[in-house]
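Observations on the three-dimensional arrangement
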Amino acid sequence: ESERSRNQQAMACVRELRNDAMRVLYAPNEVYLAGHRGFLEHTVCTHYGKLNVWLEMHGTLYLTCNAPASADFELWEMLDMHELWANHHMCRRPLKGFEALTALYENLRCLPQMQPYFCSKVFDMPYNNKMAGWSASESTWRGAAADRATVKH
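Thresholds applied
Residues numbered from 1 in each chain as written. Predicted model: local features only at pLDDT ≥ 70, side-chain atom pairs only at ≥ 80, totals over all residues. Heavy atoms only, no water. Helix = DSSP H or I, 4+ residues; strand = E, 2+ residues; numbered from the N terminus. Axes fitted to C-alpha atoms, helices over the stretch in contact; angles between N-to-C directions. Parallel < 35°, antiparallel > 145°, perpendicular 65-115°, else oblique. Contact = heavy atoms within 4.5 Å. Nonpolar A, V, L, I, M, F, W, Y, C, P; charged D, E, K, R; others polar. Phe/Tyr/Trp six-rings, centres within 6.5 Å; stacked < 30°, edge-to-face > 60°. Buried < 20%, exposed > 50% of the residue type's maximum accessible area, 1.4 Å probe, protein only.

1. Considerations on unusual backbone geometry
Of note in the backbone geometry, M90 takes a positive phi value of approximately 55° without being a glycine. Within the secondary structure layout, M90 lies in the loop between helix 3 (70-88) and helix 4 (99-110).

2. Here we look at the packing of helix 1 (residues 3-25) against helix 2 (residues 29-58)
Where helix 1 meets helix 2, the closest approach of the two axes is 9 Å, and the angle between their N-to-C directions is 170°. Between helix 1 and helix 2, the crossing angle belongs to the class labelled roughly antiparallel. The segment helix 1 lies against helix 2, with R6, Q9, A10, C13, V14, E16, L17, D20, A21, V24 and L25 engaging Y32, G35, H36, F39, T43, H47, Y48, K50, L51, W54 and H58. Considering only residue class, the contact of helix 1 with helix 2 consists of twelve nonpolar, six polar and four charged.

3. Points about the packing of aromatic side chains
Scanning the model with the defined rule gives ten aromatic pairs in all. Aromatic pair W76 and F123: ring centres 6.0 Å apart, planes at 45°, arrangement tilted. In this pair, W76 is assigned in helix 3 and F123 in the loop between helix 5 (115-118) and helix 6 (145-148), connecting sequence segments 47 residues apart. Across this residue pair, the class does not change: W76 and F123 are buried.

In C-alpha cells, the structure reads:
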C-alpha cells in the first residue's frame, strides 16, 4: 500500500468527520442547540475510534507514515476544533481515551517546523463562519498566544 494511497484514504475519513461537524455547526439554531452535545460526546467518538484504530493498525505516529502528510494537517485542525468546541460547551475532552490520536495531536503541535504557523495570526482565526453555531477560536484551554510561542518538543 503506497503512502499516497494511505494519505488519500485517511483524508477521506477526516473529511467524513468534517462533513458531519458542518451538518451540526451550520444547522438552524434550534437544531444546533438540540444536537451539538450529542455530536461532541458520541458521534465524534465514532470517528475518533476509526482514526485511532487506523494509527494503531499501521503502527505509525501519523496517518501515512512517521512523518506528517496532508491528511495529518487536516486531521490536526479537526482535532483542535473539536477540543475547543467541546471546551466551549463544557463537554468532556473528545480526545480522552484515544491515545494514538492524542499522540499525533501533541506531536504535530510540537514540531519545530510548525511553530511559525502556531504563533501566527492565521492560527487564531475562527474555525467557522460567524453563521455557524460555534465559530470562536478563543479559548482558555489553548492558552495565550505568547504562551504558545514557547511550546517545546
